[in-house]
Each structure stands twice: as C-alpha cells, then as structure tokens.
Amino acid sequence: MPRLLPYLLLLPATAFLCLFFLFPFVQVAHDSVMRNGVYTLENFSRMAGHWKFSTAFWNTMLLTAVVVPIQLAMALTMASIVTKLQRGRSTILYIFAIPLGISDLAAGLIWLSVFEQSGFLNSLLVGLGVVDQPILLLGYQNTWIIFIAIVLAEVWRATAIMMVILVAGMGLIPKEYGEAADVFGASRWQKFRRVTLPMLRPSLQTALILRVILAFEVFAVVVALGGTQLPVLMSETYHWQFQMQERGVAAAFAMVILAVSVAFTILILRLLHVPKGARV
Amino acid sequence: MSAPSVRRAGNRVFVAGVALLILWVLLPIWLLFVNALSAPAEVTGFPKRFIPSFDLASLSFFFGFSGVIDALWNSVRVAAVTMVLSIGVGAPAGYALSRFDFPGKELFRFLVVMTRAFPLPLLALPLAVMFIRTGLDDTILGLALVHTTLALPFAVLITYSLFSGIPLELEEAAWTLGCNRVQAFIKVILPLAAPGIAASAVFAFVISWNEVFAAAVLTVENRTLTAFLLQSLDVSPLPLKFAGGAALVLPALFFIFAVRKYLFAMWGIANR
Amino acid sequence: MAVIEIKQVAKTFGSFTALHSVDLTIADQEFMVLLGASGCGKTTLLRIIAGLETPTTGEVWIGGRRVDHLPPRERGIAMVFQNYAVFPHLTVFENIAFGLRMKKMDQAEVTRRVTRTAELMHIEQLLKRYSGELSGGQRQRVAVARALAMEPDVILMDEPLSNLDALLRLEMRAELKGVLAESKTTTIYVTHDQVEAMSLADRISVMNGGRIVQAANPVEVYRNPAARFVGSFIGNPPMNFLAATPAGPGKWQVAGQMFDGPVAAAAEFAIRPEDLHPGDTGLPAEVRVVEPLGPHTLITASVAGQPFRAILDSTLLPAPGDLLHFAPAPDRIRWFDPATQTAL
C-alpha cells in the first residue's frame, strides 16, 4: 500500500493531463492531415496558399523578435532594481507584478484607450500642439502604428512574468559571489555581466521559453487594437475555425504554431544549456 | 566630480528609473479607469481629461447591456470550477512529488513541465469536437476542464514547492504521536499549507478569469466575460469596451495583491 | 518499560547498504546510545525501531511484541527529532497534548499530564506560546515534554542536542539525564558526539559502516575498545597507534622499545595520549607542535616517523624540535590485529 500511494495520488493529475493535454494534441495533429476522411496535406496547402498566411506568420515572428528582447532587458532591469531595493521592496514588487494578473484582452483595451482616435495620446498631441486635429492612429493606413501599439501593450502586459521568474532566480544566487566579485575589483556592470547573468541562466531559460511561447500565442491584444488589420497566426486560427468553419485548416495553423514553439524551446534550451555540475 | 557626488547622481538616476517604471505600469491602468469612470459622452468626446469625472453612466450602461451580467456570472462560475478542479487534482500530485521517491517520478515531472512548451489554448480546437460528442460543448464544466489544463501544471508545481517547504519531520512526529497518514495530513500539513494552497487556488482562478482564446472557441450561448467582450469588439461602442476592460482588471488587482507573497514560491520552483 | 530486541535487521537503499544484519538487545529502562560518524547507519537503525523506515530483512521486538510490520503509532514509542518538530500552528500546550488527544484522553487527564511534564521540563510559563516565539532550547524542551507526556514504553532521540549551542547543550545534557532516569523509560539516543554518549549512556553501541562494532558501558568502550575503529573514534585526541615488529613469542618491538604483548602473527601497539609518562626512557618522540590548553598541554610529535599525541601536565612546555621520551603505563597498552582490526 505505501508503495502504491504516490501513484494513487498522481493518478488523477496524470489521467487529466493525458485526456486534456496529450490526447487533444494527437487529435489536432490528426485533424491537420485529415480532410473529408482521407489523409492529405491539403489543409496545409490551403493554409499556405491563402494570401494572409505569410503576412500572419511574419507578423507573429516580427512581433516576437521585437517584443521579447525589449522585455528581457526591461525584466532584467526591474529584477535588478527589486533585488537591490531595501525599502519599499514589497510595494514596488507588487506594482511591477500587477500586469501578471491582467488578461491580454484587458491589456489590449487598456492600450486602446491610449491609441483610439479620441484617446489619450491624441489628447496629449493636440494639447501640446504637435497636431491640430486628432489623427486616426489605428487605421489601415498606419499599420506600423498598430504594430507599435501592440508591441507596447505586449511589453506592458507580459514583462511582469519574466521579472518575477528572474527575481526568484536572483534570490537563489548566494550573495557571497557578488561580494567575491567586489573583492576582486569588479565594477557594477562587470559584476552583472560576469556573475549575475551566467548564474541566472536556468531562470533566463525558463523565462525565455515561457515568454517566447506566449508571444507566438498573441491573440486578444492584436484583435483589441487592430481588429483584423494585422493578422497573426492565432487570430487566423480563430478565423478559420469560426468564420470559415474549416477545422482542418485551423488544425494546420495550430500545427504551425506548435512546431514553431517546440523549435524555439529546443533552441533556447540549447543556447542556454547549463551543465549539471555548474548549477547554483 | 568627487566619488560621493557620482554616487549621489547615480542614486538619483536609480530613483528616477524606479519612478519611471512605476509610472509605466500604473499610468495605463489609470487611463482605463478614467474612461470607465466617465460618462459615455466624455469617453467618445475629445479632448480627453486625465482625471475621471466619476460619472457612473458608462458602468451602468455596461452592466445593463444585454448579456453582460450573464457573461460575468459565467466567468465566475468557470473560474470557480477551475479553481476547485485544479487544486483537487493538482494538490495530491504536488504532495506525492514532495514526499515520495518512486520510479516514474521524473516522467511525471517531465509531463507537467512539458505543458509549458506547448501553446495550450490550441487545445480548445480538438476538444470542441470531443465536447460536442460528449455533450460538454458550450457548458461551464467543459470550459472549466480546458482552463484546468492551463492551471493544473501551476497547481502541481506550486503545491509541490509548498509541501516541500514543510519539514517531513513534522509529519513523522505526528505519526509517532498516534496519527495515521490521513490524520497527520489533516492535523499538521493542511493547516500549515492552507494559505499557500489558497494562493494557488486564487492563481488558478485568475488564469481562468483571464483566458480568452479557449473561452471564445468553446462557448456560444454561455459566453464568459472575455469571450463576450472579444466577440462584440467590432460592434460594441467604446464606453462598453472600457467599462468591460475595467471589470476584467479590477479583480485582477486584488488577486495579485492576495497572492503576492507566493509569486516567488511559484516561480522559484518553476526554475528547477 | 520494555525490552527492545533487534534481530538481524538489515537495510539497503538501492545498491547502498545502510545496515548489515544488526543484532542488539536493549534492556528494560536502559539508556542506550547509538554512536557513530554520519552515514554509519545509526539514524537508520533508530528510524527502523520507530517505524519510520522498513527494514529490508530482520525483526524488531518491543516488549515481547513483534512490531516491524506496525506503523509508528502502534509501537508504544515516542520520539524526539533533531529539529524538534514542534508543530508551528499549535501552542506549546497543544503540542504536548497532541499525542494525548489522539488517544482520546479526557480533558482533565490531558491537562494534568501536560502540566506535569511542562513542570518537569521547566516550560510551564510557555504553554500559551507558539513555536515561533520560542528559542532553540525552549523548543527542545517542548519536544521532550511532548514525548514524555505520552508515557511511552520507549523514547527514541535523534541527535536532540546537535542544534543547540555549546553551553546550552551542556545544560540540557545534564537535565535530560536526570529526567529520563526518573521516568524509568527505555531510551535509545542517537548522537555523533562522543562526550554526549559517554555522559548519558548506560551502554554505548559504537557503529561504523552499517555495523555495531562494540556495545558496552562507556568506561569499557573507552578503556578496552573492541576494535581499532572504536579507539580511533572515541577519545579526544584519539588513541595512538604504532607499528610493532615481532621479537619472539609474546615480545614486540615498538619504535626501538621492547614490550610484552599477545602471542600473534602480527600486532599493532595502541596507547591513549593521557597514559604516557615523560621521562628519560620510553618511546622516543620528536615534538612537532605544542598546544597549551590550560589544564594540560597537548603535544603532537613523531615517533619513528608515525604521528603520535601525548597529553602532559601543563607545567611542562617543550619546544618544537625537542626530543622527549614517553613511558606508556603498562596496564593501559592495547594490541590490535592489523588484519581484522580487532582487539587482541
């Protein structure tokens, strides 16, 4: 009985993950190569043949490429600040962590209040006399402004999660290492570069994987700010599933997102590989 | 410049940086609430004031809008079921991981950690079909099951770290003092882990409360608030959007405040 | 009150053998100390007796009852843990009462027992506090009181003093000895501290590599170590060992000196550092380090190229490089078999 107990305790969670995690992924893979009851790659060719596919794909990639590095830099800065603080640490930490609890849809709406035509950015611009008339910022003529708005909303919303992981990771680094670096005459920047960053690798790995995958899933922010004017992979998936009622093509989109996610996870694991003996 | 004045200048830059970052986080939320707490005419008007007029017309318009109360209530119900399911299923697994060494332990941990490398909302696509077959389509339970899949890995990892933080010695002491396993768990482990379990329950609630994609895919009649807002984005007027956004954000502020102490327990363990 | 019998108990963790078939009988009311370095199996043995670990093979009997298949709660034991394991969510009173409440004892009896044991451990003024408000020493007292309140047949203690600072440890040691002697409970006490073991035990079981090397009263263990390991583990500084070459039946030459010894093929000479008299004859020792310690002086020297320590009266202060001669007290010389490492 005691030997079986751990398995008994794990059984519900394992069953749950098999039924609602492993099985659906097998199913979606199956759906993506199935059309009218025959195995075919037509779903993929229809997906790739649609004029919006490459736009959606590259928009997603570009967003990730712009957003993630900014977030990494900001999260590192915020985490360093929080780690350094003596007074007000918990308050500032709470404030920095707030966006963690805010849904991507709400974040999109928050930035919509800034960027919409009668919004706060236009009010500021007119107030300062930069422009005479409120301008249509989120229109199809200015997709680059939509892009910037999405970047801002994403950076605003999802930096917190990286920060919290990095703060937790910095907390695991014993103080003596920094003090040793001080004794050997390292400057603040050298200390960060040569001591903190290398020792932070496991946390950086976690933070980056989580963040990059979330970036490929970007959806509600894009819809809230750009409607259909800036297609991304996830919004196209939603579109094919609902408006077009083409589950096979939607599944093909899902496989693309999945493939990109897994590829980047492996890439990050490789790039930030930490040998077992070198962990803190 | 002398060394102390350099340091003072550095300090000033540091304080300014902190202030700027705080502003960066708080200002956008403030602006959303300015909109939510102004009259509809002010929301669509121009130019905008940066202080709310505390006119509740936008909010009452939002809450009076057909379907909103139902959506709100659905959101609460789905999140509550998600909370119960993910703790009920996740906590025993977390306890098993923290207290036992057994063959297959690493495999299970791998399964849990692997969920993080997959875009989970996509699960909604195949599950939509499975739910139609089993009659779970467009139900609170069906969506809650998907949200539990999102929340379960967190629940397992958080409770794992929680239980690991309670010395095994305490449990053993209870056994030598006359408890069986279940009694020791109820009398010793549960009281000590309760605040942390509550925090991870809140976290599960937030995950469900905020989720958009699966909610939008899986619900038609019984939409949650996020699904409702998403599907009416292109037709609903601005005051409705902003009031809805505020309704989404406000509970989140409290939730994060409630679990702030446990954020690191959650992510500290996620590093390993 | 109970006799404890351990019959051929062995324990393996995967490929690691923590205990090799241990046999040990502990008499009723005896204070038995399991002594050894970390990893010697002493804690594993204690946990097997407690029921927190299952033996791979063998039997455990407490008070004439076989218990190795029973959970801890059915063995009539109480245990004091290394980190005290005082429940942080309960007051001191409720901690001490915990086991009594599990036995569904009535409230009057619970209060009576808690008050009595609290008085015994001098913590009656702490009964309303939580463990977070207690010092290490106070927690220790609560842990002991909680065990005593159970009025168990056997009390098991796992390095209970190791987390206290030196002065407190000395104080608690004396107190524990008094309280446990009075309670007349059979006690098994695990420690790696030889002084603790010597001062508390009726009998010491010295353990090494998952085996009991010697089980005897403290003086016997100190004076007549059954194995070379015991001599080298007990005593501070430990026993000196010198190579001996045979010089006729029962005669041995050690560092150029002749000694009477056992009749054997090979032997090793051993003497405790305090059993040496400096003089004009005896083992020639070249002084390396001199450490005046107050009551006496510790000399580290080299005898025929082998390390050697002597404890001298503090009036003697040789200098490094001096050549001294130490005459061993003849009745204190011990001999060991170099092959089996056991006493000859």
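Residues numbered from 1 in each chain as written. Chains lettered and ligands numbered in written order. Predicted model: local features only at pLDDT ≥ 70, side-chain atom pairs only at ≥ 80, totals over all residues. Heavy atoms only, no water.

Another point: unusual backbone geometry. Residues and elements named next belong to chain C. Put simply, Asn 236 and Pro 237 share a cis peptide bond, and its omega is -5 degrees. On the secondary structure map, Pro 237 appears in the loop between α8 (228-233) and β11 (240-243). Phi at Glu 151 takes a positive value of approximately 45 degrees, unusual for a residue other than glycine. Inspection of the secondary structure puts Glu 151 in the loop between α4 (136-149) and β7 (154-158). (Helix = DSSP H or I, 4+ residues; strand = E, 2+ residues; numbered from the N terminus.)

This part is about the sheet that holds strand β14 (residues 257-260) of chain C. Strand order in the open sheet made by the three strands is β12-β13-β14 (chain C), with antiparallel pairing throughout. Looking at strand neighbours, the two that pair on one side only are β12 (245-246) and β14 of chain C, the edges of this open sheet. (Pairing = 2+ DSSP bridges.)

The next subject is the arrangement of the chains. The pair of protein chains exhibiting the most contacts, out of two pairs of chains in contact, is chains A and B. There is a clear gap between chain A and chain C: no contact, and 11 Å between their nearest C-alpha atoms. (Contact = heavy atoms within 4.5 Å.)

Before going further, it helps to examine helix α8 (residues 168-176) of chain B. Residue and element names in this part refer to chain B. With respect to burial, α8 is a largely interior element, eight of its nine residues being buried. Every buried residue belonging to α8 is among Glu 169, Leu 170, Glu 171, Glu 172, Ala 173, Ala 174, Trp 175 and Thr 176, and all of these are buried. Just downstream of α8 lies Gly 178, where phi reads positive at about 110 degrees. (Buried < 20%, exposed > 50% of the residue type's maximum accessible area, 1.4 Å probe, protein only.)

This part covers the domain arrangement of chain C. All names here are of chain C. Once the domains are mapped, chain C shows domain 1 (4-232) and domain 2 (237-336). On a C-alpha basis, the centres of domain 1 and domain 2 stand 38 Å from each other. If you look at the interface, domain 1 gives nine residues, while domain 2 gives ten residues. Among the residues of domain 1 in contact with domain 2, Tyr 222, Arg 223 and Arg 228 are the three that bury the most area, contributing 61% of the side total. Seen at the junction of domain 1 and domain 2, the total is two salt bridges. The salt bridge partner of Arg 228 is Glu 268, with a shortest N-O separation of 2.8 Å. Joining domain 1 to domain 2, the criterion identifies seven residue pairs in polar contact (both at pLDDT 80 or more). Among the secondary structure elements, those contributing two or more residues to the side of domain 1 that touches domain 2 are α7 (218-223) and α8. If one sorts the elements of the side of domain 1 that touches domain 2 by residue count, α8 sits on top with three residues. (Domains from an automatic or database assignment. Buried area = accessible area lost by both parts, 1.4 Å probe. Salt bridge = Lys/Arg side-chain N within 4 Å of Asp/Glu carboxyl O. Polar contact = N/O pair within 3.5 Å; in protein donor to acceptor, adjacent residues only side chain to side chain.)

A few words now on the nonpolar core. Of all hydrophobic cores here, the largest spans 288 residues; its most connected members are Leu105(A), Met163(A), Leu230(B) and Ile96(C). When residues in this core are grouped by element, the largest group, 18 residues, is from helix α7 (residues 143-172) of chain A. Residues Ile271(C), Val287(C), Leu312(C) and Ile333(C) belong to the second largest nonpolar core, which totals 22 residues. (Core = buried A, V, L, I, M, F, W, Y, C linked by side-chain atoms within 4.5 Å.)

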